[in-house]
Amino acid sequence: MYDLPETSKEIHKTFAKTSRGTATDEDFKLLRSHIEEKKREIRRARHVYGIDGTTSRPDPYDYQPLQAIMKIIDGGRR
């Protein structure tokens, strides 16, 4: 996602240890720092791609109602 590098096998193993209930305090510190770093990377990537939430909303698209579309398709016959 956002062209970020894949998560290392070490982090995957550490997450698995938390699922099994065998993680140590050091494992939790590693995961906490990994998650915080990923949050920063995602914020930077979102800013680069222009989807960081600071830009204005796009102009709404003018959708035609279904009845108008059907009229175009079959000339108004139902």
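Above this text sits the structure in question.
The structure reproduced in this document is the subject of the present report. (Residues numbered from 1 in each chain as written. Predicted model: local features only at pLDDT ≥ 70, side-chain atom pairs only at ≥ 80, totals over all residues. Heavy atoms only, no water.)

### Examining the side chain of Glu41
Condition: Secondary structure follows DSSP: runs of H or I at least 4 residues long count as helices, runs of E at least 2 residues long count as strands, and numbering of each begins at the N terminus. Should any heavy atoms of two residues lie within 4.5 Å, those residues are counted as being in contact.
Here Glu41 shows up in helix α2 (residues 25-49). Apart from residues lying up to four places away in sequence, Glu41 is in contact with Leu4 and Pro5.

### Structural notes on the pattern of salt bridges
The condition that has to hold: Any carboxyl oxygen of Asp or Glu that lies within 4 Å of a side-chain nitrogen of Lys or Arg is treated as forming a salt bridge with it. Partly exposed describes any residue whose relative accessible area lies between the buried limit of under 20% and the exposed limit of over 50%, with all areas from a 1.4 Å probe on protein chains only and scaled to the type maximum.
Taken as a whole, this structure holds 6 salt bridges when the rule is applied. For the salt bridge of Lys17 with Asp27, the shortest nitrogen-to-oxygen distance reads 2.9 Å. In this pair, Lys17 sits in helix α1 (residues 9-20) while Asp27 sits in helix α2, placing the two residues 10 residues apart along the sequence. The class for Lys17 is partly exposed, based on a relative accessible area of 26%. You can call Asp27 buried: its relative accessible area is 10%. Between Glu37 and Arg44 there is a salt bridge, with its nearest N and O atoms 3.4 Å apart. Assessed through its relative accessible area of 48%, Arg44 is described here as partly exposed. Salt bridges here are not isolated pairs; linked through shared partners, they connect Glu37, Arg40 and Arg44.

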